[in-house]
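Chains, contacts and geometry: an overview
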Amino acid sequence: MKKIYLYLCGGLGNQLFQYAAARNLAIKNNAQLIVDTKCGFITDFRDFWEFSLDKSNIKNVVLKKNILIFWFYRFLKKIFRLKCIFNNFFFGTLINEMPINFFNKEIKNFRIKKKLYLFGYFQSEKYFIDNKNDILDELQPSEPNKKLFLNMKKKIVESNSVSLGIRLHETMPQNISYKVGGITSLDFYKQAFSLIIKKIINPVFFIFSTKTSNVENLLSNFNEINKYKFFIITEDKGFSGAMDNLWLMSHCTNHIISNSTLYWWAAYLSSVKYKNQTIICADNFANKDTCLDSWKLN
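Conventions used here
Residues numbered from 1 in each chain as written. Predicted model: local features only at pLDDT ≥ 70, side-chain atom pairs only at ≥ 80, totals over all residues. Heavy atoms only, no water. Helix = DSSP H or I, 4+ residues; strand = E, 2+ residues; numbered from the N terminus. Rg over C-alpha atoms; globule rule 2.2 N^0.38 Å. Buried < 20%, exposed > 50% of the residue type's maximum accessible area, 1.4 Å probe, protein only. Contact = heavy atoms within 4.5 Å. Lys, Arg positive; Asp, Glu negative; His and termini not counted. Charge placed at Lys NZ, Arg CZ, Asp CG, Glu CD. Pairing = 2+ DSSP bridges. Axes fitted to C-alpha atoms, helices over the stretch in contact; angles between N-to-C directions. Patch = residues over 30% accessible without salt bridge, like charges linked within 9 Å, V, L, I, M, F, W, Y side chains within 5 Å. Areas by Shrake-Rupley, 256 points an atom, 1.4 Å probe, with all protein chains shown as cover. Salt bridge = Lys/Arg side-chain N within 4 Å of Asp/Glu carboxyl O. Parallel < 35°, antiparallel > 145°, perpendicular 65-115°, else oblique. Left-handed = near helix turned anticlockwise from the far one by under 90°. Nonpolar A, V, L, I, M, F, W, Y, C, P; charged D, E, K, R; others polar.

A look at the overall build of the protein chain
Scanning the protein chain for helices and strands turns up 9 helices and 11 strands. The C-alpha radius of gyration computed for the protein chain amounts to 19 Å, which stays within 12% of the reference 19 Å derived for 298 residues, consistent with globular compactness. Looking at the protein chain as a whole, 53% of its 298 residues qualify as buried. In the protein chain, of all internal contacts separated by at least 6 residues, the share reaching a separation of at least 24 is 73%. Here the protein chain carries 41 positive and 24 negative side-chain charges, and the mean point of each set is 5 Å from the other.

The structure is reproduced here in structure tokens:
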């Protein structure tokens, strides 16, 4: 049987992109998908990410710890600084998508002979669009059992909700922030806000971020938003857990998102729920094909 092995790494948003791309290839090639749940996280001493996908939904895959081939490739990559996308080894083909910052059609259409190993971020809808509906069914976050989230969801669905996602990539040193596209500018938020208030009657803003201080810093330079009702949703206010925040955010009808893959997925899952909505996306993702054309600020 054909097999695809997926190297999983990063936060929940990255993991969702990686899974979606691998699952799409598995469906197209009638192959079994095997996901490494440890190798990509065990040496993450900066962000301390861990496997975050909802195991109850991904029933068509095998979860496995520490696939040795990935350790072998990481060693080769570090020593020889490998940058080839397609690497043929005696054990099969390994696709390394990390060196590129755009959608690669050859990856999406790759035909598997026996074994394929996937290493990368795959941050574009184009990598899974062929089987979008089936894959989204597997990636829908489950409803949390925390009253804090459930009460906030009630406020969201009863209003003309606008999710405002602020990501400052605090744990990443400034000298390498370019790897995630840098920090989204205040001008982006202001332009997106101006567009939203022209299109949405009585908008209520739900501001998501990792820390309340991030939101307060933005608000101190953004007086216009104080004229509208808003709620701050951050970890230090009790809203902890990436999957629960994804679930909550996805219930917002409209979205203004910075270059965060988690916020991207919240807006994307929201677009399945709602037909008439406005999504405005920052254009400084590391992958130039991450932001959908219809989401771009014109």
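Details of the sheet that holds strand 10 (residues 254-257)
Across the sheet, which stays open at both edges, the 5 strands sit in the order 9-8-7-10-11 with parallel pairing between neighbours. Looking at the sheet topology across the chains shown, the edges are occupied by strand 9 (230-233) and strand 11 (279-281). Shown here is a sheet whose adjacent strand axes are inclined to one another by a mean of 15 degrees, direction ignored. Note: strand 10 against strand 11, 3 bridges, orientation parallel.

Side note on a nonpolar patch on the surface
On the surface, Phe75, Ile79 and Phe80 cluster together into a nonpolar patch covering about 360 Å² of accessible area. Looking at the element boundaries, Phe80 is found in helix 2 (residues 68-80).

As for the packing of helix 8 (residues 242-249) against helix 9 (residues 261-273)
Orientation of helix 8 relative to helix 9, taken along the N-to-C sense of each, is 40 degrees, at an axis distance of 8 Å. Comparing the axis directions of helix 8 and helix 9 gives the class oblique. The way helix 8 lies across helix 9 gives a crossing that is right-handed. Mapping the contact onto sequence places Ala242, Leu246 and Met249 in helix 8 and Leu262, Tyr263, Trp265, Ala266 and Leu269 in helix 9. For the contact of helix 8 with helix 9, the class distribution of residues is 8 nonpolar, no polar and no charged.

A word on helix 8
Judged by how many residues are buried, helix 8 sits mostly within the fold: 7 of 8 residues are covered. For helix 8, the complete set of buried residues consists of Met243, Asp244, Asn245, Leu246, Trp247, Leu248 and Met249.

Digging into the environment of Ile27
Of note, Ile27 is situated in helix 1 (residues 12-29). Relative accessible area serves as the criterion here: at 31%, Ile27 is assigned to the partly exposed category. Along the sequence, Ile27 and Asp134 sit 107 residues apart, while their C-alpha atoms lie 9.7 Å from each other. If we skip the residues at most four places from it in the chain, Ile27 touches Asn131 and Ile135.

As for the sheet that holds strand 1 (residues 3-7)
Read from one edge to the other, the open sheet built from 6 strands follows the order 3-2-1-6-5-4, with strand pairing classed as mixed. The outermost strands of the open sheet, each flanked by one partner alone, are strand 3 (61-64) and strand 4 (86-89). Looking at each pair of strands side by side, their axes are set apart by 20 degrees on average, direction ignored. Pairing analysis gives 4 bridges linking strand 2 (residues 32-36) to strand 3, with the strands arranged parallel. Bridge pairing in strand 3 links Leu33 to Val61. Strands strand 1, strand 2, strand 3 and strand 6 (115-119) of the sheet are contacted by helix 1, whose axis makes an angle of about 175 degrees with strand 1. Strands in contact with helix 2 are strand 1, strand 2, strand 4, strand 5 (92-96) and strand 6; relative to strand 6, the strand with the most contacts, it is inclined by about 55 degrees.

Focus: the environment of Lys132
Considering the arrangement of structural elements, one finds Lys132 in helix 4 (residues 132-139). Lys132 gets classed as partly exposed once you look at its relative accessible area, which sits at 24%. Leave out the neighbours within four places in its chain, and Lys132 touches Glu125 and Tyr268.

Some remarks on the pattern of salt bridges
As enumerated under the stated definition, the model contains 8 salt bridges in all. We note a salt bridge from Arg23 to Glu138, for which the minimum N-O separation is 3.0 Å. Here Arg23, found in helix 1, pairs with Glu138, found in helix 4; they are 115 residues apart in sequence, far enough to count as distant. Glu138 carries the same exposure label as Arg23, and that label is buried. Lys146 serves as the salt-bridge partner of Asp244, at 3.1 Å between the closest nitrogen and oxygen.

Functional significance is not addressed by these values, which are geometric in nature.
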